[in-house]
Amino acid sequence: MLQKVSSHLLRCGASTLPIRRSHAYSGNPTGLGALGSRFRVHPSVSQALAEHQPVVALESTIITHGMPFPHNLSTAMEVESLVRAQGAIPATVGVLRGRVHVGLSSEELEYLARSEGSLKISRRDLPYAISKGLSGGTTVSATMIAAHSAGIPVFVTGGIGGVHRGGEHSLDVSADLTELGRTPVAVVSAGVKSILDIGRTLEFLETQGVCVATYGQSNNFPAFFSPQSGFTSPYHVRDPEEAAKLIEGTLSLGLQSGLLIAVPICEEHAAVGQQIDDAIRTAVAEASFKEIRGKDVTPFILRRVNELTKGKSLEANVALIHNNAKVGSQIACELAKLRHDTKRKQPTTYHVMNSPESKSEIVVIGGINVDFIAKGKTENIVFGQTNPGNVCQSFGGVGRNIADILSRLGCRVLFISAIGSDAHSHAVLNYCQHMNTSGIARLADQRTATYCAVITESGELSLGLGDMDIHQQITEQYVSSFEEQLSSASLVCLDGNLPVSTIDYVCGRAKELALSVWYEPTDSVKASKPFQSESWKQLSYSSPNLAELCTMNTTLGLQTPDVFPSSLGDVLSCALALSRPLLEHLHCLIVTLGSDGVLVCGQHDGNGSVHLRPRVEGETRGRLCALHYASLPVTAEIVNVSGAGDSLAGSIMAGVIQGQDTDSCVRMGLQAARLSLASQHPIDPLLCMDSVDPYKTLSQAWPKPRFLWID
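J.: Which residues make up the overall build of the chain, and what are the values?
T.: Counting its secondary structure elements, the chain contains 25 helices and 25 strands. The buried share of the chain, taken over its 711 residues, is 59%. Counting only contacts in the chain whose residues sit at least 6 apart along the sequence, the fraction spanning at least 24 positions is 74%. Put simply, the chain shows about 28200 Å² of open surface, and 50% of that area lies on carbon and sulfur atoms.

Here is the structure:
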């Protein structure tokens, strides 16, 4: 039922605004700021990716700079129709008002087609276009970036850029070539544009480590309007099946480079190739005479060639784009079929080949969710009728979120979890390619955990449905197979989705191996799990909110307040009183207080702060104290509350492992939570150490935390 509801929500969705419930910042956390979201994925594309259907990415500079209106619009719509006719979903990429869109509506296509001042946006131009809220067409390089971010492996275009004629002197080399060397996407094109130096372009691609193959029966490398350029590709693929196998082989190696499938133009349209080549030589000479440089060269030459050939080049251009779209879509369909067939033959445990050779500093054990969130446009949701709102899909799970942010902050992390053998599992693994997911078990006849929520405009949860039975398959027997990694880790993090027996097992091993264990409670019900036995005494850290802290105390048979206080002073007093008995065994508690900030409780370090670093055996215990950090001010509208609490906890963990002082650790966490609130993903995909560095991210001095003794 949940899967049907999720599919229906996505099909009816008006936009993509991922928001995931976060236990630590639930409700309306007004204490953290936000930045503008950057990516929007069309619901049809999100649905197709989640169901492992073939998707084809398409660029948009052909709309904004390649053809005049209305030919540009009609061609774009024809290409999308051709993709659909082959059984794939088109995802035209463009930048509209400062947001990268993966998949465009018909209205958005027309907006780009009619815009006269649109930018031509490459990798270099993306930051400026986003920061200024501008619109434009994406080149090959920018489209590859967007496609890879969305998890789309196949991208169709007319022809790629390359080394310009005379490039050995001007160093005018397209960013398309370097993008192919660092972004794992298969580009299907009619080779290199014939206005370029094809020989030097192929040499440059070889230097970048890009696999190049001609589509068809020969190795002849095409030159856009001509099926032969006088150069050859290293390889060729005869049909969509061979091309799909080459793509899958390339991507499965984890090389982080793309590949180029060069498709010759159809013979019937290749007849005008010589006439077009003559026109190109004339146009190139004119461009040189007029001193036209950089990104203005290609639009000028294409426009001039169209004039010189009296429209024949435009007809040939449209024909080759149609042919590329047909071939690329067939390849995408074969790739989806190949992955589906491979998935059915795989053993229970699925290992992704991206684990680092070095040992993991941190082992995270917890859940993965595919989240479907419906956010109302009004404060009150009326049940029994249709409510206006936005619907989105994202990838969450507390354990996944924490492993995600730790990976982005440079920590060596092993993530242990379980997913099903269903339509969602491949999409999850594809999204998590930057993480070491070799510890994820892929289980036959099981469903990947799914969460569906309906929330109000301010982020308050109205209704939630969870299909998370698979988390019970993260058993102690499975976790014990990673004994070597556990024993060598500096920190082990557990989330509350795990079975009690698994938590007990890890805590037992922690006692024997002197491991530091961090428990992330997940919610107020699951917070009790370690406290149902003596396991909690082996925990070193935990990061509950006030409700979860109450559950921990209640489970131990301790008295807790019936009603939470409202004033800050009373809130702090309550949190200190609830933390005191747990600190008899725990090294440190990170109590999240929503808009009231964060309370760090532990032992005094002798310098007016809390000793946050892992405890050393035989170390003298200090007097208990706490630091209260005020929440960061809100500087913009909060986009979502999906992963703020997980971002806070994960960043503090990273700071602890990296040897940062307590102030720096907490401030890293606060800044990461701020970025999460503004992102369409639970963990901001652009997050890195520089973006959370407390000495680089705040324009004014950080407020000094309040020091408190715990009696």
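Resuming the write-up.
J.: Please provide a residue-by-residue account of the pairing of strand 22 (residues 588-592), values included.
T.: Counting buried positions along strand 22 gives 5 out of 5 residues, so the element sits mostly inside the fold. Burial of the side chains of strand 22 extends over both faces: Cys588, Ile590 and Thr592 are buried on one face and Leu589 and Val591 on the other. Looking at chain direction, strand 21 (residues 541-542) and strand 22 are connected through 2 bridges and run parallel. Counterpart to Ser542 in the pairing with strand 22 is Leu589. Direction of pairing for strand 22 relative to strand 23 (residues 598-603): antiparallel, over a ladder of 5 bridges. By the bridge assignment, Cys588 is partnered in strand 23 with Gly602. Between strand 22 and strand 23, which pair antiparallel and follow one another directly, the connecting turn spans 5 residues, one of which, Gly594, has a positive phi of 60°.

J.: Can you lay out helix 14 (residues 297-308) for me, pointing to particular residues and giving the numbers?
T.: Helix length check: helix 14, at 12 residues, gives a terminal C-alpha distance of 16 Å against a target of 16 Å (1.5 Å per residue), a fit within 8%. Residues Val297, Thr298, Pro299, Phe300, Ile301 and Val305 constitute the buried set of helix 14. Once helix 14 ends, the next one or two residues include Lys310, with phi positive near 55°.

J.: Before we move on, could you go through the pattern of salt bridges and cite the residues and values that matter?
T.: Going through the model one piece at a time under the given rule, you end up with 20 salt bridges. The partner of Arg123 in a salt bridge is Glu179, and the shortest N-O contact between them spans 2.6 Å. Of this pair, Arg123 sits in the loop between strand 5 (119-121) and helix 6 (126-132) while Glu179 sits in helix 9 (residues 175-180), and the two are 56 residues apart along the sequence. According to the relative accessible area criterion, Glu179 is buried, its value standing at 0%. Note that Arg339 and Glu248 form a salt bridge whose closest N and O atoms lie 2.7 Å from each other. Highlighted residues: Arg339 in helix 15 (residues 312-345) and Glu248 in helix 11 (residues 240-252), separated in sequence by 91 residues.

J.: Which residues make up the pairing of strand 19 (residues 491-495), and what are the values?
T.: Of all 5 residues in strand 19, 5 are buried, a share of seventy percent or more. Of the two faces of strand 19, the one lined by Leu491, Cys493 and Asp495 and the one lined by Val492 and Leu494 are each fully buried. Here strand 12 (residues 362-365) pairs with strand 19 via 4 bridges, running parallel. Pairing of Ile365 across the sheet is with Leu494, part of strand 19. Bridge count for strand 19 against strand 20 (residues 517-520) is 4 bridges, and the pairing is parallel. Across the sheet, residue Val492 finds its bridge partner in strand 20, namely Val517.

J.: Before we move on, can you summarise helix 2 (residues 43-50) with the specific residues and values?
T.: Since one α-helical turn is 3.6 residues long, residues separated by three or four positions face the same way. Summarising burial for helix 2: 7 of the 8 residues are buried, a large majority. Buried within helix 2 we find Pro43, Val45, Ser46, Gln47, Ala48, Leu49 and Ala50. Trailing helix 2 by a residue or two, His52 shows a phi angle of about 60°, which is positive.

J.: Now, about the packing of aromatic side chains: what can you tell me, with residues and values included?
T.: What the rule picks out here adds up to 5 aromatic pairs. On the basis of an interplanar angle of 35° and a centroid distance of 5.2 Å, the ring pair of Phe395 and Tyr431 is categorised as tilted. Within this pair, whereas Phe395 is found in strand 14 (residues 389-396), its partner Tyr431 is found in helix 17 (residues 423-431), the two being separated by 36 residues in sequence. A relative accessible area of 12% places Phe395 in the buried class. Seen in terms of ring centroids, Phe531 and Trp536 are 5.5 Å apart; in terms of plane orientation they differ by 25°. Their pairing is stacked. A cation sits over an aromatic face here: Arg97 above Tyr111, 4.4 Å from the ring centre.

J.: Give a description of the sheet that holds strand 20 that names residues and reports values.
T.: Backbone-to-backbone hydrogen bonds join strands into a sheet, with any given pair of strands oriented parallel or antiparallel. Pairing in this open sheet of 10 strands is mixed, and the strands run 16-15-12-19-20-21-22-23-24-25 from one edge to the other. Two strands lie at the open edges of the sheet, namely strand 16 (439-443) and strand 25 (706-709), each paired on one side alone. Bridge count between strand 23 and strand 24 (residues 624-629): 6 bridges; the pairing is antiparallel. Residue Leu599 lies in a different strand from strand 24, and its bridge partner there is His628. Packing of helix 20 (residues 500-513) onto the sheet brings it into contact with strand 12, strand 19 and strand 20, and relative to strand 19 it is tilted by some 160°. Across the sheet, helix 23 (residues 644-657) touches strand 12, strand 19, strand 20, strand 21, strand 22 and strand 23, and the angle it forms with strand 20 is around 170°.

What counts as what
- Residues numbered from 1 in each chain as written.
- Predicted model: local features only at pLDDT ≥ 70, side-chain atom pairs only at ≥ 80, totals over all residues.
- Heavy atoms only, no water.
- Helix = DSSP H or I, 4+ residues; strand = E, 2+ residues; numbered from the N terminus.
- Buried < 20%, exposed > 50% of the residue type's maximum accessible area, 1.4 Å probe, protein only.
- Contact = heavy atoms within 4.5 Å.
- Areas by Shrake-Rupley, 256 points an atom, 1.4 Å probe, with all protein chains shown as cover.
- Pairing = 2+ DSSP bridges.
- Expected span 1.5 Å × (residues − 1).
- Salt bridge = Lys/Arg side-chain N within 4 Å of Asp/Glu carboxyl O.
- Phe/Tyr/Trp six-rings, centres within 6.5 Å; stacked < 30°, edge-to-face > 60°.
- Lys NZ or Arg CZ within 6 Å of the ring centre and 35° of its normal.
- Axes fitted to C-alpha atoms, helices over the stretch in contact; angles between N-to-C directions.

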